[in-house]
Structure formats: C-alpha cells, structure tokens
Amino acid sequence: SPLVKRETRGHVEPLTTIPSRRLALSAGFDFDTEAGEPFLVESAKPGVPEDGRASLLVQFDHSPTEADRNALTASGFVPVAYVPDNAILVRADLGDRDLARTLPGVVWSGDYHPQYRVSPAVAPEGSSGSETLMVLFFPDADFGPAMNRLRGLGAQILDSSDNGINKVARVRQAAGGALEVARL
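Caption draft 1: Quick look at the sheet that holds strand β6 (residues 78-83). If you walk across this open sheet you meet the four strands as β6-β7-β5-β8, and the pairing is antiparallel. The strands lining the two open edges of the sheet, one partner per strand, are β6 and β8 (106-111). Recorded for the sheet is a direction-independent mean angle of 30 degrees between the axes of neighbouring strands. Summarising the sheet, strand β5 (residues 53-60) and β8 pair through five bridges and their orientation is antiparallel. Residue pairing in the sheet places Val58 in a bridge with Ser109 of β8.

Okay, structure coming up:
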C-alpha cells in the first residue's frame, strides 16, 4: 500500500510503494506469506469440499485492481472479498488451485483454511455446552443443501436469510464445533 503520497491540485499519486507479504485475517491470524503459513492443527485444514469448490487466498505484489479481479474471473475464479494486505479471497474449482499463481502480479496463493474463518471468541474444540453462531456462506453456496449440512452436524437453525447478496444462518450447536461448520 502507498506509504507516502504527493497531492497536486486534487490528484494523489503514490511516491513510494512497499509490497507487503502480510495477511491479516479477521480470525486473528496475521502472517507473512513469504515466511509460510502458521502452523494449523490437522483438524483445521480443509478436507475435500462436497461442492468441489476450493476457497483460496490470492496475494498480489500490489494492491489488487479491477484488472486483477477481471483476470481472476477470466481464469475461472470467483472473487469474494479483499483481504489485507493485497489479497483477494476467491472461490475456484479444486483443479484450478494452482492456476492463480500463474497470473501476473500474484506472489502467493493458499487455502482459506476453516480455522481462518472462525472468530477467536468462539468456544474452542472440546468445550462443553452449546453456543450460538452466525454463519455467513460464500455467495456461490447452494443455500438449501448448505442448511441441510448444518442440520446434519446437529445444528439447530434459529434463523436464516438469503437476500440475493448474503446467505446467513444463526444456529445453535454444541460448543466447540465451529471448525466443522467452517468446513461447509
């Protein structure tokens, strides 16, 4: 991201850009992709998704532009969201995982692990009791079957909504089972 800017009559241009290889994920993970991903317990790694789609983080050597998003889309990826620093969360067919690394400006891509998706405030594995979770599904999720998979995990659906933009469910489930939900 630009660190120093020069402003001339309303125009702002970066003077110095230092590419960041850091990823800051909302679940509290913050790591340098050049040094590698943080250690994850085996249960936090993705399995083979039922829908055949992978969730990936694709990091660029610059702040991603509309042209970068278009290149991802043209290559079969579905951009979902920006992730600091310089990354885009995408959905892709399992067989296209490594294709992202061949795109111009891409410096790293890797799985969006289930553990990256779970808030640190959620009960850890092995906890007792129950907890209420808000589950946000990917835009390409088939909502009906996704809700059935939640029920199959023993979750009680308290409320759900698919407004054409967001697919969300509020569920009650056994505490400590959030990683299973995050795998959906």
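Caption draft 2: Broad picture of helix α2 (residues 143-152). Taken together, the buried positions of α2 are occupied by Phe143, Ala146, Met147 and Leu150. For α2, the angular spread of buried residues about the axis comes to 100 degrees, placing them on one side. At its buried positions, α2 is contacted by β9 (130-137), β10 (156-162), β11 (167-174) and α3 (178-182). After α2 finishes, the residue Gly154 shows a positive phi value of roughly 90 degrees.

Caption draft 3: Layout of unusual backbone geometry. Following Pro84, the chain continues into Asp85 via a peptide bond in cis, with omega recorded as 0 degrees. Secondary-structure assignment places Asp85 in the loop between β6 and β7 (87-93). Positive phi, close to 65 degrees, is recorded for Asn86, a residue that is not glycine. Considering the arrangement of structural elements, one finds Asn86 in the loop between β6 and β7.

Rules of the game
Residues numbered from 1 in each chain as written. Predicted model: local features only at pLDDT ≥ 70, side-chain atom pairs only at ≥ 80, totals over all residues. Heavy atoms only, no water. Pairing = 2+ DSSP bridges. Helix = DSSP H or I, 4+ residues; strand = E, 2+ residues; numbered from the N terminus. Axes fitted to C-alpha atoms, helices over the stretch in contact; angles between N-to-C directions. Buried < 20%, exposed > 50% of the residue type's maximum accessible area, 1.4 Å probe, protein only. Arc of directions from axis to C-beta. Contact = heavy atoms within 4.5 Å.

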